[in-house]
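Architecture and fold: a report
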Amino acid sequence: MDTQTPSLTIGAVAKRVGVNIDTIRFYEREGLLPEPVRRASGYRSYDEGAVRQLRFIRRAKDLGFTLEEIRDLLALSADRHRGVKAVKQRAQERLAAIDARIAELTRVRNGLEELIEACPGHGSPDQCPILRALSDAEDQA
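Here's what I pulled together on the structure shown here. (Residues numbered from 1 in each chain as written. Predicted model: local features only at pLDDT ≥ 70, side-chain atom pairs only at ≥ 80, totals over all residues. Heavy atoms only, no water.)

Comments concerning helix H4 (residues 67–77)
Quick note on the threshold: Residue burial is assigned from relative accessible area. The probe radius is 1.4 Å, only protein chains are included, and a residue is buried under 20% of its type maximum, exposed over 50%, and partly exposed in between. Helix and strand labels come from DSSP, where a helix needs a run of H or I of at least four residues and a strand needs a run of E of at least two; each type is numbered from the N terminus. For this quantity, the arc is that covered by the directions from the helix axis to the C-beta atoms. Contacts were defined at the residue level, with two residues in contact if any of their heavy atoms lie within 4.5 Å.
Burial in H4 covers these residues: Ile 70, Leu 73, Leu 74 and Leu 76. The buried side chains of H4 occupy one side of the element, clustering within an arc of 165 degrees when seen end-on. Considering only its buried residues, H4 is in contact with helix H3 (48–62) and helix H5 (83–118).

Next up, the structure:
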């Protein structure tokens, strides 16, 4: 059997890739996955290429890439001349964004940890450093 012959149902593809059927339809609407061949019955029919492309999309999402970035990566994956260099650049940009997010989350975590340590856990709500910080944060915004 030719692996490129469309023969997989949307349910079979979803199961193999580990995504929901609606996710596949969404990716088709977004142009991340080409429209599948339709059987005489009107049902979608997919080949192994669709499975590979869906796995690519899923793995890229797991690494934090946005749908727009994934669209770009898919296009670059077919570019024999500048593709690898541009993909590396996109990955470096994604890593920098992740590092910035980690730094921000660390700052937030440390601030929350300080507030928790300063709170006695009893007494009047107006003396609670956590509640004061939350109230004051509005005034500072």
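Observations concerning the nonpolar core
Under the convention used in this document: The term nonpolar core refers to a set of buried residues drawn from Ala, Val, Leu, Ile, Met, Phe, Trp, Tyr and Cys, joined through side-chain atoms within 4.5 Å.
Grouped together as the largest cluster of nonpolar side chains are 20 residues, with contacts concentrated most on Val 13, Ile 24, Leu 33, Tyr 46, Leu 54 and Ile 70. Taken together, the elements giving at least two residues each to this core come down to helix H1 (10–17), helix H2 (21–29), H3 and H4. Per-element tally for this core: the top contributor is H3, with five residues. Those residues in contact with Leu 33 that sit more than four places away from it in its chain are Ile 24, Tyr 27, Glu 28, Tyr 46, Ala 50, Gln 53 and Leu 54.

Looking at the pattern of salt bridges
Heads up, the rule is: Just to be clear on terms, a salt bridge is a Lys or Arg side-chain nitrogen sitting within 4 Å of an Asp or Glu carboxyl oxygen.
One pass over the full model with this rule turns up nine salt bridges. Of the charged contacts in the structure, one is a salt bridge between Arg 16 and Glu 48, with a shortest N-O distance of 2.7 Å. Of the two residues, Arg 16 sits in helix H1 while Glu 48 sits in helix H3, which places them 32 residues apart along the sequence. Among the salt bridges present, the one from Asp 22 reaches Arg 25, with a minimum N-O distance of 3.2 Å. Placement of the pair is Asp 22 and Arg 25 together in helix H2, with a separation of three residues, close to one helical turn.

Let's talk about the packing of aromatic side chains
Threshold: Ring pairs shown here join Phe, Tyr and Trp side chains whose ring centres sit within 6.5 Å, with only the six-membered ring taken for Trp; geometry is labelled stacked below 30 degrees between planes, edge-to-face above 60, and tilted in between. The rule is short: NZ of Lys or CZ of Arg within 6 Å of the ring centre and within 35 degrees of the ring normal puts a charge over the ring.
In total, this model carries one aromatic pair according to the counting rule given. Look at Phe 26 and Tyr 27: their rings are 6.0 Å apart centre to centre, the planes differ by 55 degrees, and that puts the pair in the tilted class. Note that Arg 94 overlies the ring of Phe 65, its terminal NZ or CZ placed 6.0 Å from the centroid.

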